[in-house]
Structure formats: C-alpha cells, structure tokens
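Structural features, examined
The chain contents come next:
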Amino acid sequence: MARKKGKSLCIFGAKGGVGKTSTTINLAGIYQTIEKKILIMDMDLSGGGIATSLNCPFTSTIYNFVDDYNNNRYKEFHNYVTSYNEYIDILPSPKDPRQASKIDTKYIEIALDKAVYNYDIVLIDTDHVLDERNLVVLDNVDNILFVMTNDPLDLKNMKSLLSIFKDLEKTNYKILLNNSINPYKKYFSLFELRNILKANIDYSISSEFFLKNFDEYVMNGKIVTLEPKMPNIFAKDFSAFMSIAADMTKEKETTYHEEK
C-alpha cells in the first residue's frame, strides 16, 4: 500500500535549559492547528519530560519498543505510543533512566523509520549531549532546529556545535533564539550574536513570551500555542512558531511503498 512519508524534525541545543521541550510541544500545537498527525519522540532518554509536561499518563516507552523489537515481540508501532489528543501522540522516554543505556542506536533508526511512515510530522526532543544516540538522530532527521539563549556559555557551546556541523558539511538546520527562558538576560545584541556565531539567527521568541504561570500549563497538560487567545496576545511569537513549522516541512514530500 502506498504511504506518504512524513517529515522529521529534531529540536536540539548546545546546553540544557534553553527551552527545547517547550519549543517541541508548542510546535506540535502549531501542527495540530493545520490538522497534521504528530508524534513527539522523547529522546532525552535519562530525564525526558514530554509526557510529564503534557500531564499524560503512559505505560509504554521507547525502551519497550526496543526490548520487544530485540526479542521478536514487536507487532505494530501504535502499541508503544500514548495519545495526548486526536492529533498528537507521544513516544515517551524510559521511566527508569537506567534503561537508557540499553537502547542500541540501531533501534533508534528503526523507531524513526517506523514513525515517519505512521505520522505526518515527527518531532524529536533530545538532551544536549552530542553522544552516539543523538548523532544518530541528527543524522537521520530531515531538519534540525537549534535552540539557544542569550547567554555566554550557551553562545560558546553553540559556536562549537556549528563548527562541527560545518566540518561535517551538514546544512539542514535553522537557529532559534529563545529570549523567553530568562527575559532579564540580554548579554548580546542580535548583531553581536550573528557576528560571534558567524551564522544567521533564523527565528526568535521574544521575552514577552515568558509565562509566569507556566507551571499551571504543565499541571493541566496544556499547550500554549493551542490556547484560543495565543495568536492575539503573543502575535509575534505565534507567527514565529508558524514560520518554523512551515519552513521545516516545506520540502516536497515523497511517496513510498512500505508495509505497516
């Protein structure tokens, strides 16, 4: 049966605490508004928080997928995901962080392959460590969104990360400057950031998007970009998320033939 292959996007950063998880979730909300079927893969294997951030109880994780696949128990991909709503599913990270070390990279590739044939959009949240597992993800996704903040340490690490990508001749990435993490830290101007990185800042989320009541959203499992007032209250930032979503999936999709 012919099936259209979906698009995959990894949200990555050069350090922790830059807003990768919230960016991933908000992008999922944007894709829902255009009625795409979305999977969020939580590849922060030792401390992922996608399911927690969406207040979404779950039983199966990516570890269960790997364990079943390795032991010839695998049946269908949907057995391992948890539905957040009609459009968004989650493949959570392991409940026990010790299980992270048992996830072989070859099964990550298999999981990604299964995902893109079952969903329109696959969003992969990660930790910031440039280890073998994350390298496999970065090497196999269609596009990468680097999330950074206006912070000297983050800037230093991002510059090193971009140098690695330049050496590898990888260009399938965009950079998001997230000013909402700490609206009081403004060490560099946009011009200075671009000059230091020797790269363009493709998108920015403003300091106005800082939500004092963010914990309330987490406790209630809400997605900010799905809130009815979001396009009006945070018009500039909503537009930025819309631009990211459009740019990351604008390449022409290809139809493949594969069994489910």
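To be clear, the structure that these remarks concern was listed above.
Given the structure is predicted, the values throughout are model-derived calculations rather than measurements.

Working definition: an aromatic ring pair is given by the centre-to-centre distance plus the angle between the planes. The final tally for this structure, using the stated rule, is 14 aromatic pairs. Geometrically, the ring pair formed by Tyr 74 and Tyr 80 is stacked, given 5.8 Å between the ring centres and 10 degrees between the ring planes. Between Phe 209 and Phe 234 the ring centres are 5.1 Å apart and the planes differ by 85 degrees, which places this aromatic pair in the edge-to-face class. Of the two residues, Phe 209 is situated in the loop between β9 (203–205) and α8 (214–219) and Phe 234 in the loop between α9 (230–233) and α10 (235–248); the sequence distance between them amounts to 25 residues. Each member of the pair Phe 209 and Phe 234 is classed as buried.

The subject of this paragraph is the pairing of strand β6 (residues 121–126). Burial runs high along β6: six of the six residues are buried. What you see with β6 is no split at all: Ile 121, Leu 123 and Asp 125 on one side and Val 122, Ile 124 and Thr 126 on the other are buried throughout. Strand direction decides the pairing type here: strand β2 (residues 7–12) and β6, joined by five bridges, are parallel. Each bridged residue has a counterpart across the sheet, and for Lys 7 the counterpart in β6 is Ile 121.

Over its 14 residues, helix α1 (residues 20–33) extends 20 Å from the first C-alpha to the last, a length consistent with the 20 Å expected when each residue adds 1.5 Å. Burial analysis of α1 places 11 of its 14 residues in the buried class, which makes it a mostly covered element. Turning to α1, its buried residues are Lys 20, Thr 23, Thr 24, Ile 25, Asn 26, Leu 27, Ala 28, Gly 29, Ile 30, Tyr 31 and Gln 32. Looking one or two residues past α1, Glu 35 carries a phi angle of roughly 60 degrees, positive in sign.

Burial of nonpolar side chains together is a common tendency in soluble globular proteins. Among the nonpolar cores identified, the biggest contains 45 residues, and Leu 39, Met 41, Ile 124, Phe 146 and Met 148 are the most heavily contacted of them. Counting residues per element, this core draws most heavily on helix α4 (residues 105–116), which supplies six residues. When residues no more than four places from it in sequence are discounted, the contact partners of Ile 124 are Ser 8, Leu 9, Cys 10, Ile 11, Met 41, Met 43, Leu 112, Val 137 and Val 141. If you look at the next biggest cluster of nonpolar residues, it comprises 35 residues, including Leu 54, Ile 90, Leu 123 and Tyr 203.

Turning our attention to the sheet that holds strand β3 (residues 38–43). What the eight strands build is an open sheet, ordered β4-β5-β3-β6-β2-β7-β8-β9; its pairing is mixed. In the strand order of this sheet, the two ends are held by β4 (82–83) and β9, each with one partner. In this sheet, strand β7 (residues 143–148) lies alongside β2 in parallel orientation, the contact comprising four bridges. The residue bridging Leu 9 from the neighbouring strand is Asn 143, located in β7.

Buried residues dominate β2, accounting for six of its six residues. The alternating pattern of β2 places Lys 7, Leu 9 and Ile 11 on one face and Ser 8, Cys 10 and Phe 12 on the opposite face, and all of these are buried.

Our next topic: the environment of Arg 98. Tracing the sequence through the fold places Arg 98 in the loop between β5 (88–91) and α4. Sequence-wise, Arg 98 and Leu 45 are 53 residues apart; in three dimensions their C-alpha atoms are separated by 9.1 Å. Within polar-contact distance, the side chain of Arg 98 engages the side chain of Asp 96 at 2.8 Å.

Cut-offs applied
- Residues numbered from 1 in each chain as written.
- Predicted model: local features only at pLDDT ≥ 70, side-chain atom pairs only at ≥ 80, totals over all residues.
- Heavy atoms only, no water.
- Phe/Tyr/Trp six-rings, centres within 6.5 Å; stacked < 30°, edge-to-face > 60°.
- Helix = DSSP H or I, 4+ residues; strand = E, 2+ residues; numbered from the N terminus.
- Buried < 20%, exposed > 50% of the residue type's maximum accessible area, 1.4 Å probe, protein only.
- Pairing = 2+ DSSP bridges.
- Expected span 1.5 Å × (residues − 1).
- Core = buried A, V, L, I, M, F, W, Y, C linked by side-chain atoms within 4.5 Å.
- Contact = heavy atoms within 4.5 Å.
- Polar contact = N/O pair within 3.5 Å; in protein donor to acceptor, adjacent residues only side chain to side chain.

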